[in-house]
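A look at the structure
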Amino acid sequence: MKHLLITGFDPFGGETINPSWEAVSRLPEVIGNYRLTRLQIPTVFGLAAKTVLAAAAQDAPDVILCVGQAGGRDAVTPERISINMASARIPDNAGNQPVEAPILPGAPDGMFSTVPVYAMAGAITAAGLPGKISNTAGTFVCNDTLFRLLHHYAGTPVRVGFIHVPWLPEQAKEGAPSMELDDIVAALTAAIGVLG
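Described in the following lines is the structure provided in the data block. (Residues numbered from 1 in each chain as written. Predicted model: local features only at pLDDT ≥ 70, side-chain atom pairs only at ≥ 80, totals over all residues. Heavy atoms only, no water.)

**Here we look at the sheet that holds strand β5 (residues 77–78)**
Sheet strands associate in pairs through backbone hydrogen bonding, adopting either a parallel or an antiparallel arrangement. The six strands lie next to each other as β2-β3-β1-β4-β8-β5, forming an open sheet whose pairing is mixed. Edge positions in the sheet fall to β2 (30–31) and β5, since each of these pairs with one other strand and no more. The pairing of strand β1 (residues 2–9) with strand β3 (residues 34–41) spans eight bridges and is classified as parallel. Among the inter-strand pairings, Thr 7 is bridged to a residue of β3, identified as Leu 39. On the sheet, helix α4 (residues 141–153) packs against β1, β3, β4 (63–69) and β8 (159–165) and is oriented at approximately 170 degrees with respect to β8. (Pairing = 2+ DSSP bridges. Helix = DSSP H or I, 4+ residues; strand = E, 2+ residues; numbered from the N terminus. Contact = heavy atoms within 4.5 Å. Axes fitted to C-alpha atoms, helices over the stretch in contact; angles between N-to-C directions.)

**Thoughts on the pairing of β8**
Burial runs high along β8: six of the seven residues are buried. Bridge count between β4 and β8: seven bridges; the pairing is parallel. Each bridged residue has a counterpart across the sheet, and for Gln 69 the counterpart in β8 is Val 165. Where β5 meets β8, two bridges bridge the pair, whose relative direction is antiparallel. Residue pairing across strands places Thr 77 opposite His 164, the latter belonging to β8. (Buried < 20%, exposed > 50% of the residue type's maximum accessible area, 1.4 Å probe, protein only.)

**Description of the packing of aromatic side chains**
Per the stated rule, a full pass over the model turns up three aromatic pairs. With a centroid separation of 6.3 Å and 40 degrees between ring planes, the pair formed by Phe 9 and Phe 162 is classed as tilted. Here Phe 162 lies in strand β8 and Phe 9 lies in strand β1, a separation of 153 residues in the sequence. In this structure Phe 9 comes out as buried when scored by relative accessible area, which is 1%. Pairing Phe 12 with Phe 140 gives two aromatic rings, centres 5.6 Å apart and planes at 40 degrees, and the pair type is tilted. Residue Phe 12 is located in the loop between β1 and α1 (19–24), and its partner Phe 140 is located in the loop between α3 (117–126) and α4; the two are separated by 128 residues in the primary sequence. (Phe/Tyr/Trp six-rings, centres within 6.5 Å; stacked < 30°, edge-to-face > 60°.)

Below, the structure written as structure tokens:
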């Protein structure tokens, strides 16, 4: 059986919950061909990726899949690309607020996810849930984490991906899109099921 390290973030930006961790923590132990290790990571530039890498050094996963909150999105969105840019609208949970700073100086401007994003988005929609590919992971901690992991594992067999999920209903302001927690869990389960 293969091994998946899947992560969700702690709450940030004044929120008391983060749907990424709420959903990841409720995933089953095994999905398809994968045994899951679940890990909560801090919403802090650099430290989030460092936390993932430390866990991966212990567990030797075949795939690393990070999940993050994207308030305002109306679908579960596998990310196609990460850019070498950190630019924060709000401070992270350690008070860091970089502006137009390279994540890794000298690294490529962008790096593509190494998980099957088309198949994952298709599996989510096939499960009757809103899913689509995203072409921007933003410039906050989610993108920072994805870029650092893709760079670290470039040229290795370890595949790396990122999925953004919407707000939970209790987080969404009036009229803002949201998604029930059970549906987010089901969408992630469907996406994991096509990792191969």
